[in-house]
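Residue strings, one per chain:
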Amino acid sequence: MIPAIEKDSLEEIKIFQEKKLAELLAYISENSPFYKRLFAGQNIDISKVKTLEDLQHLPVTTKEDLQQYNDDFLCVPQHKIIDYASTSGTLGDPVTFGLTDSDLDRLAYNEAISFACAGIAEGDVVQLMTTIDRKFMAGLAYFLGLRKLKVGVIRVGAGIPEMQWDSILKYNPTYLITVPSFLLKLIEYAEMHGIDYNNSSIKGAICIGESLREQDFSMNILSKKITDKWNIKLFSTYASTEMSTAFTECEHGKGGHHHPELIIVEVLDENNQPVKNGETGELTFTTLGIEAMPLLRFKTGDMVQFHDEPCACGRNTLRVGPVVGRKKQMIKYKGTTLYPPAMNDVLSSFDNIENHLIEISTNDLGTDEILIKIAVKNQSPEFLQEIKDHFRAKLRVTPKIEFVPKEILNPIVFNPMSRKPIRFFDYR
């Protein structure tokens, strides 16, 4: 199930997107209070925007805009809203998104072609190990997309390894949708209870919320720890509530595939200009085909690289590489630039570490300070030194590290009000 446009040439895709961009600009200038005000205030003539390159002449939209003017982004009357979703609020106050009936159809189509990209097809059964409530768009999107693919869904929800294994052994799902670190808990439970997980029905897992790969697409420590024990295929997927679109890997694992029918993407530098090919910048998108809350040049805060060489799967669309980190979470520490994912990767190297969180603050000199709290199975000064040596080898710096009982750490990291583990706290 590869949409025809994803096999078209890059030039054909560009022409298609430029037509869709013109339709979007006409729609939001007519229906969006926020963009109407923005275009009038900056004397923007949308008729002059003809090409994707012309996007550079338009202002960007930020998370702060969404938080401050949330309702002004709605392009339809309230009675047309069928579903209310909200962002996770990882980098600020949550934002509410309304979806019309048409938007829900688009969401289902997006997930259907994304899951098909990872090889899921009619006849498969998928265990959904994420919440579908709490205004969580992704959980709903997964269900709608799988239904559109005519795939069976087991809505188990998050956590509880015993319940997950009971369901796997009873219903024989072929794929899981989960946070990848939870797969380690499934393996641990299976080993403790004599479950032969390598002879289970599971063929693969669609992984959300945590990275699986290094920037060269090789497997990172987390994915290696999983697949060294469990012979299943892991697929990375990147998405956000704001874009209502997913970038999911195919079997070749070379980045998340772009769906040009649904979204225009840019990678921008500090001055909101496109970076050179292969350079890291901030992922910025323009949604296509959204009725209730379309967005123009929305800056995600996620630092990524694009890859535009054709993929062996037959798609010619560009691909989004693993997220390097979030722009607002960038840390300058002793002359080195760091992002939390790199530190998470170092900590994942140690089986003795049961849980961790990273705290960033500003010291008396006005520079960034890092404190890493870890819960371990066996404490010792030697182990602490081993961690510090590993940080120095991998990242060239050694942050402050302290042992904390897991009884204190676990409720903070696995906050019941959050959809995913919270391991980063920024007090700057």
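- Looking at an unreviewed UniProt entry, one finds the protein named Phenylacetate--CoA ligase and attributed to Flavobacterium ginsenosidimutans.

A few points about the pairing of strand β3 (residues 125-128)
Step number 1: Pairing analysis gives four bridges linking β3 to strand β4 (residues 152-155), with the strands arranged parallel. Across the sheet, V126 pairs through a bridge with V153, a residue of β4.
Step number 2: Bridge count for β3 against strand β5 (residues 175-178) is three bridges, and the pairing is parallel. Within β5, the residue paired with V126 across the bridge is Y175.

Let's talk about the sheet that holds strand β21 (residues 424-426)
Sheet strands pair by backbone hydrogen bonding; their relative direction is either parallel or antiparallel.
Step number 1: As summarised here, the arrangement of the four strands in space is β20-β19-β18-β21, forming an open sheet in which the pairing is mixed. Sheet topology places β20 (400-403) and β21 at the edges, where each strand pairs with a single neighbour. Going from strand to strand, the sheet's axes swing by 20 degrees on average, the running direction of each strand aside.
Step number 2: Across nine bridges, strand β18 (residues 353-362) lies against strand β19 (residues 368-376) in antiparallel orientation.

Describing the packing of aromatic side chains
Step number 1: Enumeration over the complete set of coordinates arrives at twelve aromatic pairs.
Step number 2: Ring centres of F34 and Y69 lie 5.9 Å apart, and the angle between their planes is 40 degrees; this geometry places the pair in the tilted category. Here Y69 lies in the loop between α3 (63-68) and β1 (83-86) and F34 lies in helix α2 (residues 33-41), a separation of 35 residues in the sequence.
Step number 3: Looking at F34, the relative accessible area reads 6%, which means it is buried.
Step number 4: Taking the relative accessible area as the measure of exposure, Y69 reaches 29% and is therefore partly exposed.
Step number 5: Three or more aromatic residues link up through ring pairs in this structure, and these residues are F34, Y35, F39, Y69 and F73.
Step number 6: The ring of F143 carries R155 above its face, with NZ or CZ at 6.0 Å from the centroid.

Remarks on the sheet that holds strand β11 (residues 281-287)
Step number 1: On the basis of which strands lie adjacent, the open sheet formed by four strands has the order β10-β11-β12-β15 and antiparallel pairing. Each edge of the open sheet carries a strand with a single partner, namely β10 (263-268) and β15 (325-326).
Step number 2: Summarising the sheet, strand β12 (residues 298-304) and β15 pair through two bridges and their orientation is antiparallel. Residue pairing across strands places D302 opposite R326, the latter belonging to β15.

About the thresholds
- Residues take numbers from 1 onward in each chain, read along the sequence in its written order.
- Owing to the predicted nature of the model, reporting of local features is limited to residues with pLDDT of at least 70; listing and counting of side-chain atom pairs is limited to 80 or more, with chain, interface and lining totals taken over all residues.
- Remark: hydrogens and water are excluded; side-chain values derive from all non-hydrogen atoms of the structure.
- Any two strands are treated as partners once DSSP identifies two or more bridges connecting them.
- Segments assigned H or I by DSSP are reported as helices when at least four residues long, segments assigned E as strands when at least two residues long, and all are numbered from the N terminus.
- Whenever a helix is involved, its axis is fitted only over the stretch in contact; in every case the axis is a line through C-alpha atoms, and angles between N-to-C directions fall within 0 to 180 degrees.
- Under the pairing criterion, centres of Phe, Tyr and Trp rings, with the six-membered ring standing for Trp, must be within 6.5 Å; the plane angle then separates stacked pairs below 30 degrees from edge-to-face pairs above 60, leaving the rest tilted.
- Only protein chains enter the calculation, and the probe is 1.4 Å; a residue is then buried if its accessible area is under 20% of its type maximum, exposed if over 50%, and partly exposed in between.
- Counting as a charge over the ring demands two things of the Lys NZ or Arg CZ atom: a distance within 6 Å of the ring centre and an angle within 35 degrees of the ring normal.

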